[in-house]
Amino acid sequence: MRLEIGAFHVKDIKFGDKTAYANGILTLDKEDLLKVVHEDEHITTADLKIVHPGDNIILCPVKEAVEMRCKVSGGHGVFPGVLSEMEIAGSGRTHCLQDCSLIVVGEHAGGFQDGVIAMGGKYQHHTIFGDMPNLVLVADTDEEFERHEQQKKNHALRWAGMRLAEYIGQCVKDLEPENIEVYDLPAIPDRSDDVKKLPGVLYVLQPQTQMETMGYNTLIYGWDGNHILPTLMHPNELLDGCMVSGSFMPTSSKISTYEFAVNPMIKKLYEQHGKTINFLGVLMSTLNVKMDEKVRCVKMAGQIATSLGAKAAVVVEEGYGNPDVDYTAMLVELEKLGIKTIGLSDECTGRDGASQPLVSMNPATDALVTTGNVSQMYEFPAGMEVIGELEALARDGNSGGWEGCIRPDGSFVMENNGMFCANHISGWSKRTCADF
Amino acid sequence: MKAIHYINQFFAGIGGEDKADQTPIFHDKLIGNSNLLNGMMPDIEVTNTIVCGDNYITNHTDEALKEIFAWLDTKEFDIFFAGPAFMAGRYGVGCGIMCKAVSERYHVPVITSMNEENPGVEEYKAVAYIFKGGRKATFMKADLTPMAAFAEKIAKGEELLPAAQEGYFPRGIRAEIPQPDGIIAADRVIDMLLKKLNGEPFQTELIIPKMEKIPPAAPVLDLSKATIALVSSSGVVPIDNPDRIQSASAQKWGKYDISKLDNLPPEQFKTIHAGFDPAAMCAVPDRGIPVDAMRYFEKQGKIGKLHDWFYTTVGTGTTQAFAAKFGKEIAQELHDAKVDAVVLTST
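On a predicted model such as this, the values are computed, not experimentally measured, just so you know. (Residues numbered from 1 in each chain as written. Chains lettered and ligands numbered in written order. Predicted model: local features only at pLDDT ≥ 70, side-chain atom pairs only at ≥ 80, totals over all residues.)

Asks: Any chance you could break down the overall build of chain B for me, citing the residues and the numbers?
Replies: A count of helical and extended segments in chain B gives 11 helices and 13 strands. In terms of overall dimensions, chain B has C-alpha extents of about 75 × 60 × 35 Å along its principal axes. (Helix = DSSP H or I, 4+ residues; strand = E, 2+ residues; numbered from the N terminus.)

Here's what the structure looks like:
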């Protein structure tokens, strides 16, 4: 499978008369774009804003982040099985407006799964989104059934984000990319002997799929991940948009739709392919709540890895707490099968730092990379401009906020838990944990 | 800032083993290695030296602490030092006792130093900054140096680095830090992956402690003759929680008499566990500690006897170290009481 990512490196985003891209500047026709947002009648109010690295701005409650892209050839849409017909992603040409993102923010209501992004100040670099210009869609919906629910599907807002990202992406469809990234990974038996001699490595992904009620979990081609068993996938499928981030669980341990596609871990494994490793592909697994489901997935994943002759695996857990059981079980199972594992996830050490960092621990997991600590406390000063509604952090059951976490002067304190996708389990995190 | 320094009879020049029962002595002038320590810290003045015999502090802890507190209460100090204790086991424990007590009573940073083989390390590393020290007194200057440097950082309000960089034994506390070289996680994964594949040494970012494997006890052959005890982490306690067991991160356990009870009435018992909605268990405390079911089996003759006491603590947030300590203490009592088996209920 061969995928070409045609890159357009966005240096700035501006509003103008016509949506177009030229010389690093993405110009957007706000009025026209809002029409696309309002295609869904459930969107009641909407506005677009542009934020830049270093702005003294907080976004809250953030629901989603997406890369603006368009499919040029080899498919019909950038979210197959979701916004366009079901077809396998990962072939042909996709044009991407890189180094920027589209962020979806609730105008008022937040929830457990939503988050905070800081564009400036001490926590600007805690998310990759603080380091890039972003188009921000701020909107409200008539989804009254969940307005006061702690867990929100955020369907209208998330889908509006995807629709808008694909619509804007069309502006570079006919342009010549500034550079082309090529992701070409032949079928496993068709690889050269030199490549086959290298140790086979799998990217084992455990996306967040624990919600039993549909509409909240990470989607794979629009299919609720709760309903899959471990499946072998091609890395290009992820790079080309087969995954849509869920709307469930504390946000700092989530992988945004942006990151599922612009996936640094897959790109780094690609870089090593043919040099030090034989990148076998993606083993898509799940996270479950019931023990027998956890065991079934782990055992079946182990069998697939063994049949593929994998010598090593990078196991990635989108979540913490209960899913640590699946994470450790997957690592232990693969190690038992003689497959060397590296784990990639975050920790929960408690407010005093003294809690067991993973719910389930096993000495067989001897190579773990830690991307952050969901319990870490962050202090924000007063006086930052807010896009959305900061009160959502305190009022709406956000996983990193609580009643009273915002002080009368506007300064506030929160747990890492509530910072949007901040632990970057996709692989971007520049943070770790240490013993004190 | 001001500091007070604790040393034992040997380093005070009083004597060795024969003087280990020395009661506390309080010096207004620095003695022994306190002078060396004081000279290393431009921003901290060591004002006093406390001396106590190793046997006295370890065998008569309550008396020793009472005397020392009475004196310390009259002093002003911001930091407390003890040792270094090197490999000396009782001195290490003495330093640990002092550090723990001073930290709890005065809430000041407590700093000591021991060799990794000193038993004081395992027992007190969670409650004090115990710096990694040499095996014997020839390391005096080398061991005092990082203690002094660390205290200086505290005095200047400088950022305190992780245990490995500062040189003390980890206290069981983990926190988030910027990756020291600013390397993204995906690159760290690749680095670890290639090293692991090549059989080269690599450093995990989260060390999973080796767990102690306890062999299971032999099966109970005849239940109808066995005495069974109820032990629980459900947090069910008498309604006034007489032992003040914590609702989370418990540091103690309790045992309560059920010899005259056929169940746990909600007027007399409740759960103090903070890790779940307590309504159902408070309504029927036997849901946490099933005295009712055990009495039923006892009457049926299925079990010989329900032990007269149940043992209880709270599981949520409780550290492995405390859980292991509780386990050992409770197991010893049950063993002494000739209990044959335990039903351990959790939540």
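That was the structure; now back to the text.
Asks: Let's hear about the overall build of chain A: which residues, and what values?
Replies: For chain A, the count of helices and strands is 9 helices and 23 strands. Over its C-alpha trace chain A gives a radius of gyration of 21 Å, about what one expects of a compact globule, namely 22 Å for 436 residues. Within chain A, the fraction of its 436 residues that count as buried is 57%. Restricting to contacts in chain A with at least 6 residues of sequence separation, those with at least 24 account for 79%. (Rg over C-alpha atoms; globule rule 2.2 N^0.38 Å. Buried ≥ 20, exposed ≤ 12 C-beta atoms within 10 Å, placed from the backbone. Contact = placed C-beta atoms within 7 Å.)

Asks: Any chance you could break down the domain arrangement of chain B for me, citing the residues and the numbers?
Replies: Under the domain assignment, chain B is made up of domain 1 (2-166) and domain 2 (223-345). Taking the mean C-alpha position of each, domain 1 of chain B and domain 2 of chain B sit 40 Å from one another. (Domains from an automatic or database assignment.)

Asks: An account of the interface of chain B and chain A is requested, with residue identities and associated values reported.
Replies: Taken residue by residue, the interface counts 36 residues in chain B and 46 residues in chain A. Among the secondary structure elements, those contributing two or more residues to the side of chain B that touches chain A are α7 (163-166), β7 (174-178) and α8 (185-197) of chain B. The leading source of residues in the side of chain B that touches chain A is α8 of chain B, at 11 residues. Taken together, the residues of the side of chain B that touches chain A sort by class into 21 nonpolar, 7 polar and 8 charged. Sheet topology places strand β23 (residues 431-435) of chain A next to β7 of chain B; 5 bridges connect them, and they run antiparallel. Within the sheet, the bridge partner assigned to T432 of chain A lies in β7 of chain B and is I177 of chain B. (Nonpolar A, V, L, I, M, F, W, Y, C, P; charged D, E, K, R; others polar. Pairing = 2+ DSSP bridges.)

Asks: Please give an account of the sheet that holds strand β3 (residues 20-22) of chain A that cites residues and values.
Replies: Residues and elements named next belong to chain A. Read across the open sheet, the 3 strands follow the order β2-β4-β3; overall the sheet is mixed. Two strands in the sheet have a free side with no partner beyond their single neighbour: β2 (12-15) and β3. For this sheet, the mean angle separating the axes of adjacent strands, direction not counted, is 20°. (Axes fitted to C-alpha atoms, helices over the stretch in contact; angles between N-to-C directions.)

Asks: Run through helix α4 (residues 89-106) of chain B, naming residues and quoting values.
Replies: Residue and element names in this part refer to chain B. Taking 1.5 Å of rise per residue, 18 residues should cover 26 Å, and α4 covers 25 Å from first to last C-alpha, within 8% of that figure. Taken as a whole, α4 has its buried residues at R90, Y91, G92, V93, G94, C95, G96, I97, M98, C99, A101 and V102. One or two positions beyond α4, positive phi appears at H107, with a value near 55°. (Expected span 1.5 Å × (residues − 1).)

Asks: Provide a residue-level description of the nonpolar core, including the pertinent values.
Replies: Counting 187 residues, the largest nonpolar core has L59, V116, L137, V204, A313 and V314 of chain A together with V189 of chain B as the members making the most contacts within it. Looking at this core element by element, the count peaks at 9 residues for strand β6 (residues 57-73) of chain A. Those residues in contact with A313 of chain A, other than ones at most four positions away along the chain, are V201, L202, V204, A305, L334, I339 and T341 of chain A. Counting 23 residues, the second-largest nonpolar core is a separate cluster that includes W253, I258, I272 and F310 of chain B. (Core = buried A, V, L, I, M, F, W, Y, C linked by C-beta atoms within 7 Å.)

Asks: Go over the environment of E178 of chain A, please, and point to the residues and values.
Replies: Residue and element names in this part refer to chain A. Structurally, E178 is set in the loop between α2 (155-169) and β10 (179-184). Judged by the 13 C-beta atoms lying within 10 Å of it, E178 is partly exposed. Along the sequence, E178 and R191 sit 13 residues apart, while their C-alpha atoms lie 30 Å from each other. Ignoring any residue separated from it by four or fewer positions in sequence, one finds E178 in contact with A7, F8 and H9.

Asks: Hey, could you go over the packing of helix α6 (residues 264-272) of chain A against α8 of chain B for me, with residue numbers and the actual values?
Replies: Axis separation between α6 of chain A and α8 of chain B bottoms out at 9 Å; the angle between their running directions is 40°. By the angle class used here, α6 of chain A and α8 of chain B are oblique. Crossing of α6 of chain A over α8 of chain B shows right-handed handedness. Here P264, M265, K268 and Q272 of chain A of α6 of chain A lie close against α8 of chain B, whose contacting residues are A186, D187, V189 and I190 of chain B. Here the residues of the contact of α6 of chain A with α8 of chain B are counted per class, giving 5 nonpolar, 1 polar and 2 charged. (Parallel < 35°, antiparallel > 145°, perpendicular 65-115°, else oblique. Left-handed = near helix turned anticlockwise from the far one by under 90°.)

Asks: For unusual backbone geometry, give the residues involved together with the corresponding values.
Replies: Residues apart from glycine generally show negative phi values, whereas peptide bonds are mostly found in trans. Each neighbour pair has its own omega, and for C60 of chain A with P61 of chain A the value is -5°, a cis peptide bond. With respect to the helices, strands and loops of the structure, P61 of chain A is situated in strand β6. Residue P84 of chain B is bonded to the preceding G83 of chain B through a cis peptide linkage, with omega at 10°. One non-glycine residue, C421 of chain A, lies in positive phi territory at about 50°.

Asks: Tell me what's going on with the packing of helix α1 (residues 30-37) of chain A against α2 of chain A, and back it up with residues and numbers.
Replies: Residues and elements named next belong to chain A. Two elements in contact, α1 and α2, have axes separated by 9 Å at closest approach and are oriented at 135°. Our classification of the angle between α1 and α2 gives oblique. Where α1 crosses over α2, the two elements pack in a sense that is right-handed. Two secondary-structure elements touch here, α1 through L33, V36 and V37 and α2 through A160, R163, L164, Y167 and I168. Broken down by class, the residue content of the contact of α1 with α2 amounts to 7 nonpolar, no polar and 1 charged.

Asks: Hey, could you go over the sheet that holds strand β10 (residues 254-257) of chain B for me, with residue numbers and the actual values?
Replies: Hydrogen bonding along the main chain pairs the strands of a sheet, whether they run parallel or antiparallel. Residues and elements named next belong to chain B. Spatial ordering of the open sheet is given by β10-β12-β8-β13, a layout of 4 strands whose pairing is mixed. One side of each edge strand has no neighbouring strand; the edge strands of this open sheet are β10 and β13 (341-345). Strand after strand, the sheet turns through a mean of 25° between neighbouring axes, direction not considered. With 4 bridges joining them, β10 and strand β12 (residues 305-312) adopt antiparallel strand pairing.

Asks: Give a description of the confidence of the model for chain B that names residues and reports values.
Replies: Predicted confidence across chain B gives a mean pLDDT of 94, with 98% of residues reaching 70 or more. Across the whole predicted complex the pTM is 0.84, and at the interface the ipTM reaches 0.97. (pLDDT = per-residue confidence, 0-100.)

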